[in-house]
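Coordinates in review
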Amino acid sequence: MDVESNYKGGETISGEETTVDWRGRPSDPKKHGGMKAAAFVLGLQAFEIMGIAAVGNNLITYVINEMHFSLSKSANIVTNFIGTIFILALLGGYLSDSFLGCFWTMLIFGFVELSGFILLSVQAHLPQLKPPQCNMAAINGDPCLEAKGLKALIFFVALYLVALGSGCVKPNMISHGADQFNRDDPKQSKKLSSYFNAAYVAFSVGELVALTVLVWVQTHSGMDVGFGVSAAAMAMGLISLVCGTLVYRNKPPQGSIFTPIAQVFVAAILKRKQVCPSNPQMLHRSQSKVPNNHLNVSPNAGGLLHTERFRFLDKACIKIQDGSTNTTKESPWRLCTVTQVEQVKILISIIPIFACTIIFNTILAQLQTFSVQQGSSMNTQLTKSFHIPPASLQSIPYIMLIFVVPLYDAFFVPFARKITGHESGIHPLQRIGFGLFVATFSMVSAALMENKRRNSYVNENKVISIFWITPQFVIFGLSEMFTAVGLIEFFYKQSLKGMQTFLTALTYCSYSFGFYLSSLLVSLVNKITSSSSTNGGWLSENDLNKDRLDLFYWLLAALSFLNFFNYLFWAKWYSKNSNYQISFGEEEFNNYSFNSTKHNGDDHSGP
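These remarks concern the structure in this document. Everything numeric in this text was worked out from a predicted model, so none of it was measured. (Residues numbered from 1 in each chain as written. Predicted model: local features only at pLDDT ≥ 70, side-chain atom pairs only at ≥ 80, totals over all residues. Heavy atoms only, no water.)

Side note on the packing of helix α13 (residues 428-460) against helix α14 (residues 470-494)
Short version of the rule: Note on method: axes are straight lines fitted to C-alpha atoms, helices fitted across the in-contact stretch only, with angles between N-to-C directions ranging 0 to 180 degrees. Counting from the N terminus, the helices are DSSP H or I runs at least four residues long and the strands are E runs at least two residues long. If an angle is under 35 degrees, it is roughly parallel; if it is over 145, roughly antiparallel; if it lies from 65 to 115, roughly perpendicular; otherwise it is oblique. When the near helix sits turned anticlockwise from the far one by under a right angle, the crossing is termed left-handed; a clockwise turn instead gives a right-handed crossing. For this classification, the nonpolar set comprises Ala, Val, Leu, Ile, Met, Phe, Trp, Tyr, Cys and Pro, the charged set comprises Asp, Glu, Lys and Arg, and every other residue, Gly included, is treated as polar.
Packing of α13 against α14 leaves a shortest axis separation of 7 Å and a crossing angle of 160°. For the element pair α13 / α14, the angle class is roughly antiparallel. Our pair here, α13 against α14, has a crossing hand that is left-handed. Of the residues belonging to the contact of α13 with α14, the class tally is 18 nonpolar, seven polar and two charged.

Topic: helix α7 (residues 259-270)
The α-helix advances 3.6 residues per turn, and as a result positions three or four apart in sequence lie on the same side. Here is the rule we go by: Each helix should span, by expectation, one fewer than its residue count multiplied by 1.5 Å. Under the scheme applied here, a residue whose accessible area is under 20% of the maximum for its type counts as buried, over 50% as exposed, and between as partly exposed, the area being computed with a 1.4 Å probe on protein chains only.
With twelve residues, α7 should reach 16 Å at 1.5 Å per residue; the first-to-last C-alpha distance of 16 Å fits that figure. Residues T259, P260, I261, Q263, V264, A267 and A268 constitute the buried set of α7.

Overview of a nonpolar patch on the surface
We apply this condition: Residues enter a patch when their relative accessible area is above 30% and they make no salt bridge; the linking distance is 9 Å between like charges and 5 Å between nonpolar side chains (Val, Leu, Ile, Met, Phe, Trp, Tyr). Here the Shrake-Rupley method, with its probe set to 1.4 Å, supplies the accessible areas, and only the displayed protein chains count as covering residues. Throughout this description, the term salt bridge denotes a Lys or Arg side-chain nitrogen within 4 Å of a carboxyl oxygen of Asp or Glu.
A surface patch of nonpolar side chains, about 400 Å² in accessible area, is lined by F99, L100, W104 and I108. Contributing elements (two or more residues each) for the nonpolar patch: α2 (71-100) and α3 (102-125). With respect to the helices and strands, the residue W104 is situated in helix α3.

Some words on the environment of I396
Counted only if it meets this: Residues count as neighbours in contact if any of their non-hydrogen atoms are within 4.5 Å of one another.
By the secondary structure assignment, I396 is in helix α12 (residues 395-420). Spatially, the C-alpha atom of I396 lies 6.7 Å from that of V474, the residues being 78 residues apart in sequence. Setting aside its immediate chain neighbours within four residues, I396 contacts T470 and V474.

Written out as structure tokens, the structure is:
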């Protein structure tokens, strides 16, 4: 039966998944969705990143000067806060896909984030909620009292309300915006690619405003006003989200997204002693060829072709014959369909692609830490009375990308589309690979500039201009435009029905792992180089003129280059071992869905 006929004109996403309006009725393509609906989500994205980035960039200053925590403890508070945000993206993705849906997840946790901003602002404004003022840098005098008890409790509750809200909102913004486009429609499928580029522009605008205007407000008007501005930005984002309520295409939640995954592993383990048939068509609900209209294949009809990878999981599809003519239904925890198993195979297959972006985000960590220290050791004077804050160098890529990304979408994508036939111009995997390749040169540039800076100071007693380190930020900004956007597009277009938001959330986890790996690398490099040198480790001193940051950058450049070849291997492996061959001119990935638990249990009698 044609699924769409059941909904009297309502839109579907990849077969049996329907989209609904705000009242739960089937959505109308003439009234709902498209770029007009996605624009409201982009508004939330821009305002949300303004608020959270402004807090994150100046948080360590507030923690030290106002809460009076030590430098080491303050650094841990900030890194734990940022890491928690990205890890909690998984929770937001899970709740959205399984129970709440994107819109309600964003609305609920958007208010949680807003309440955290407000509580931070109130605490920063009221002296009785903070330790007594003192100078943390003073050598003599009474020691500063660290925030404890109720004051510390209020601070951490406020901080982690922000982290919880932001973490759960982030993946849903991308996913809900993408849900506004019907990928079965070729015209809207092309607009989907433009949406991912527009989402990165919104992100860049938010970051730029946070790094310039909001940080300036925090510095000159106080952190209470700064936190208040972040709260106002978040409130504007929520207003933007709510304003689009009447035009959204909403994807209903599908129930627990982990149940069908668990069923495949449990069934495969229970039948581990069974022998897989040589003919894959004998597996439960296998299909022999791709249907003509494969984009609308019902999952229950065996929507995915069998592949040879991870053959152990195929045992979950073996139907045990009892020798009688009566057919009995097996539990979905003992018998799964080929489509269900193939979808689990896809999940496993994309893990190496995800892992290859961790080194990329390790490089990003250097630009937010060591590169800022580089700038602090250089001549920051722009005019006689104005000095460039080193941290503001992070705004350079966003200034550039606000102009470059629209040009990329307006000119390069249509040109490439004529050559490749691909709706995105180039395949997301190719886009990721190009970005990973370019990222290497960011570290090459950083190493060369650090060597020049260090030699100029040590040998010539000359401090060079801070603009010498601009290229490493510009190059990385270009690489991020390809890798970050390509990764989100690739994960979203895997489109295991009911898991789009969770897969999008995985891209944020790469940031956490990248920063954690950065800390690990610094510790390992210091330990190894200090044991093999009498002059101490490369990064053992607090003085960059004595350290060898340039050698550390060369190490990262080498790791990035090797990571690029590692990525090529896994991208080729993914193409070779999946139902989709990734090449120029190839159509986009097919989109299929996980069977829900109720589907898995229905009609297990057919082969």
